[in-house]
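Geometric and topological summary
Given next are the chains, with one letter for each unit.
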Amino acid sequence: MDEFKIEDNISYKNLFKPYGYINGEWIDLPKGKSFDIYNPSTNKIIAKMPEMGIDETKYAIESANIAFDKWKKKTAKERCLLLRKWYNLVLENIDDLSVIMTLENGKPLKESKAEIIYASSFIDWFSEEGKRTYGRSIPATQIDKRIITIKQPVGVSALITPWNFPAAMITRKVAPALAAGCSVIIKPAEQTPLSASALIYLAQKAGIPKGVINLLVANNPIPIGKELCENDTVRKISFTGSTEVGKILIKDSANSVKKVSMELGGNAPLIVFNDADVDIAVKETLASKYRNSGQTCVCANRIFVQDGIYKKYSEALAKKVADFKVGDGFEHTSDIGPLIDNSGLKKVERHLDDAIAKGAKVLIGGKQPSLGGLYYEPTVLTEVAKNMVLFKEETFGPLAPLFRFKDVDEVINMANNTNYGLAGYIFTKDLNTAWKVSEELQFGMVGINSGILSTEVAPFGGVKESGIGREGAVEGMDEYMEIKYLCFGNIM
Ligand code: SIN
C-alpha cells in the first residue's frame, strides 16, 4: 500500500506553525482570540490560529519599515544568496510542505507537490534576476548634461494572497519584493495560512533577517487590509483574489497613492476550431479546466467549440473526464479534491441549476458524488448559451460548459464579451487563425494549443477588470521598484 496516511508521517509538524510572525518572532494571542483552520476533505479542525487585527498590523508595518532600511542597503548579491538558501530549503522540505498544503486546501498531494515546485521556481528565478535590476544611460540633449536611471526598491510592501495556491502566490510576490530590496507583510487567505507560516519558517532558517518578512493571520481580513492600504508607510499593495475585493483595496490605497498590483478574477475563453488536433485540445482542456478542481483564475471558464468538431471533441472530453477519481487529497488515486468551502460548492450548483433550467444538457457529472462533503463530480455541459449565468461569472469549480460557434468573428465577439481579461486559449493548426485570434482577444495571456501557461519566466497578469501589473519575469520585478532619473549638469 503506498497510500499516504497523515499519522504515518508526522515530520511535517516541524513546519506546522499555527502563529503569526512579526519582527522575527512567532506570535500567538491569548485564548479566545483565535480562529479555526479546517481540512476541506474531512471538515475537521486542523489548527487554531491567532486572530490578528489593527494593533498587530501597525506593529508589523513598523517592524518592516525598520528592517527595510538595512535590507535595501545590502548588496543585491547578499540578498539573492539568502533567497537561494530559502529556495534550497523549500525543495528539501517539499514532502512536508505538500502535506500541510493538502491538509488545509484539500488538493491532491501530487498537485500540492507540483505547486511547491512551482512556488520554489519564483524564488529560484528572482534570486538570479535580483542581480540584474539595471538602469539605463540615456544620450542627453545638451552637451554638458549626462542622464542615467537607477532602480530602487519601492519600500514596505503588503502582499495579500489567496487560498487556491497557498504557496505559489506567496513566493510569486515575496521573491521579487525581497530581491528588489523591499521588506514585506504577508496576509494569506484565512483558509490557508499554514502553508504561509511553513514557508516563512524556512525563510527564517535561511537567514532572512528579522522584520524583512512578517505574517499577519486572521479570519476577518477587513481591519488588516484597511490598515495596510491606508497606512502611509506601506508603499505597495499586491493582491491576488477577487475583482470585488481588488476594487476595495485600490480605493483604500488611493489616499496614499500607493503602487498597486492586482491579479483578479478571470472568465477565460477556450476556443476549439474545426481544424484543431482533438487529442491535444482535450488533453490541454483537462489541464486547464480541472487543475485544482477548477479553482484557478486562469481555468477555462467558457469553452467555445466550432460546429464541425463539437460532437467529436465533447465525446472525447467526457470520456477522459469519466476517468477522473474524486477523493481525499491524501489518497494516491485522487485526481480531484474537494472545493474549498460551502460557498464554493453552492456557486457551482447555482451555475449548473441555472444552465439546466435554460436548456443545457449534462454530458457527464452534474452532481455531488456519494462522498458528499465539499466534493463535486467533474462535469461537462453541452448546448450551453450566452444567457446563462456561467457565461458571465467565473464558476471556480469543475464545470466545463461547451458553447457552439460558427465562425471566427462570432467567437472573438463572444470571447471578448466579458469585463474580465486574464487568460484565453485557442486550439487550431492554422497559423493565420492563431495569430489573428491571439491579437484580437482582449486578454493578458493567450495559450495557443496549450492549456497551461503559468511559469516564472513569463509575465502573468490581466487587462480590464482582471487586474493591473504583471507577476513573474522581469516585469514582476519592476512591480517592486521605482525608477529614479539622475541628471548631471555642467559636465565640462
Ligand atoms: C491563480 O489562479 O490565481 C494563479 C494561477 C496560476 O498561477 O497558474
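Turning next to the overall build of the protein chain. Looking only at helices and strands, one finds 15 helices and 20 strands in the protein chain. For 492 residues, the compact-globule formula gives about 23 Å, and the C-alpha radius of gyration of the protein chain, at 23 Å, lands near that figure. For the C-alpha atoms alone, the extent of the protein chain along its principal axes is close to 75 × 65 × 40 Å. Burial statistics for the protein chain: of 492 residues in total, 57% are counted as buried. In the protein chain, of all internal contacts separated by at least 6 residues, the share reaching a separation of at least 24 is 74%. Total accessible area computed for the protein chain in this model is approximately 20500 Å², and 53% of it derives from carbon and sulfur atoms. A gap of 4 Å separates the mean positions of the 61 positive and 61 negative side-chain charges of the protein chain.

Turning our eyes to something else, we now look at the sheet that holds strand E20 (residues 481-488). Strand order across the open sheet formed by three strands is E5-E6-E20, with antiparallel pairing between neighbours. Strand pairing shows two members of the sheet lacking a second neighbour, strand E5 (137-138) and E20, which therefore form its edges. In terms of strand pairing, strand E6 (residues 146-153) meets E20 through eight bridges, oriented antiparallel. Within the sheet, the bridge partner assigned to Ile 147 lies in E20 and is Cys 487.

The subject of this paragraph is the layout of surface pockets. Size it by volume and the largest pocket reaches roughly 1300 Å³. Phe 239, Gly 241, Ser 242, Thr 243 and Val 245 are the residues nearest the centre of the largest pocket, which is lined by 47 residues in total. For the lining of the largest pocket, the elements supplying multiple residues, two or more each, are helix H7 (222-230), strand E10 (234-240), helix H8 (243-253), helix H11 (342-357) and helix H12 (389-392). Looking at the lining of the largest pocket, the element that brings in the most residues is H8, giving six residues. The residue inventory of the lining of the largest pocket, partitioned by class, reads 18 nonpolar, 17 polar and 12 charged. Looking at which domains feed residues into the lining of the largest pocket, each of domain 1 (6-264 + 467-484) and domain 2 (268-455) gives three or more. The space that makes up the second largest pocket amounts to roughly 320 Å³. Surrounding the second largest pocket, 17 residues form its lining, Glu 111, Ala 114, Ala 287, Arg 291 and Asn 292 being those nearest its centre. Residue assignment for the lining of the second largest pocket shows that the elements contributing at least two residues are helix H4 (109-129) and helix H9 (278-290). Ranked by residues supplied to the lining of the second largest pocket, first place goes to H4 with five residues. Of the residues that constitute the lining of the second largest pocket, the class distribution is nine nonpolar, two polar and six charged.

A word on helix H13 (residues 408-416). Along an α-helix, residues three or four apart share an orientation, since each turn contains 3.6 residues. Buried within H13 we find Val 411, Ile 412, Met 414, Ala 415 and Asn 416. On its buried face, H13 is in contact with strand E12 (268-272), strand E13 (300-306), H12, strand E16 (399-405) and helix H14 (431-440). The N-terminus of H13 is capped by Asp 407, whose side-chain oxygen sits 3.3 Å from the backbone nitrogen of Asp 409.

Attention shifts here to the sheet that holds E12. Hydrogen bonds between backbone groups are what pair the strands of a sheet, and the pairing can be parallel or antiparallel. The strand order across the open sheet formed by seven strands is E14-E15-E16-E13-E12-E17-E18, and the pairing between neighbours is mixed. The sheet is open, and its two borders are formed by strand E14 (361-364) and strand E18 (445-448), each paired with just one other strand. For this sheet the average axis-to-axis angle between neighbouring strands, irrespective of direction, equals 25°. The sheet contact formed by strand E15 (residues 379-384) and E16 spans four bridges and is parallel. Opposite Val 384, over in E16, you have Phe 403 as the bridge partner.

For interface size, the figure often reported is the accessible area lost on association. Here the protein chain is partitioned into domain 1 (6-264 + 467-484) and domain 2 (268-455). For domain 1 versus domain 2, the distance between C-alpha centres works out to 31 Å. With 24 residues of domain 1 at the interface, the matching set in domain 2 holds 25 residues. At the boundary of domain 1 with domain 2, total buried surface from both sides reaches about 2000 Å², with 58% on carbon and sulfur atoms.

Before going further, it helps to examine the site of the ligand. The environment of the ligand is made up of 13 residues, and the closest members are Tyr 118, Arg 172, Arg 291, Cys 297 and Ser 454. Asn 164 is positioned with one of its side-chain polar atoms (N or O) 3.1 Å from an oxygen atom of the ligand. Arg 291 is positioned with one of its side-chain polar atoms (N or O) 2.9 Å from an oxygen atom of the ligand. About the coverage of the ligand: the protein hides 99% of its 260 Å² of free accessible area. When its residues are assigned to classes, the shell around the ligand shows six nonpolar, four polar and three charged. Taken together, domain 1 (6-264 + 467-484) and domain 2 (268-455) each give at least three residues to the shell around the ligand, which thus spans both.

Okay, empty space enclosed by the protein next. Taken as a whole and assessed by the stated rule, the structure comprises four cavities of 30 Å³ or more. Estimates place the volume of the largest cavity at around 80 Å³. Looking at the largest cavity, it is lined by 14 residues, and the ones nearest its centre are Phe 165, Met 169, Arg 172, Cys 297 and Phe 460. Tallied by class, the residues present in the lining of the largest cavity amount to seven nonpolar, four polar and three charged. When we break the lining of the largest cavity down by domain, the ones giving at least three residues each are domain 1 (6-264 + 467-484) and domain 2 (268-455). When its volume is computed, the second largest cavity comes out at roughly 40 Å³. Taken together, Arg 172, Lys 173, Pro 176, Ser 238, Ser 261, Arg 470, Glu 471, Gly 472, Gly 476, Glu 479 and Tyr 480 form the lining of the second largest cavity.

So, how was this worked out
Residues numbered from 1 in each chain as written. Predicted model: local features only at pLDDT ≥ 70, side-chain atom pairs only at ≥ 80, totals over all residues. Heavy atoms only, no water. Helix = DSSP H or I, 4+ residues; strand = E, 2+ residues; numbered from the N terminus. Rg over C-alpha atoms; globule rule 2.2 N^0.38 Å. Buried < 20%, exposed > 50% of the residue type's maximum accessible area, 1.4 Å probe, protein only. Contact = heavy atoms within 4.5 Å. Areas by Shrake-Rupley, 256 points an atom, 1.4 Å probe, with all protein chains shown as cover. Lys, Arg positive; Asp, Glu negative; His and termini not counted. Charge placed at Lys NZ, Arg CZ, Asp CG, Glu CD. Pairing = 2+ DSSP bridges. 1 Å grid on protein atoms, 1.4 Å probe; cavity = no way out; pocket = protein on both sides within 12 Å on 5 of 7 lines; lining within 4 Å. Points joined across faces, edges and corners; volume = space filled by probe spheres on them. Nonpolar A, V, L, I, M, F, W, Y, C, P; charged D, E, K, R; others polar. Domains from an automatic or database assignment. Polar contact = N/O pair within 3.5 Å; in protein donor to acceptor, adjacent residues only side chain to side chain. Axes fitted to C-alpha atoms, helices over the stretch in contact; angles between N-to-C directions. Buried area = accessible area lost by both parts, 1.4 Å probe. Near = heavy atom within 4 Å.

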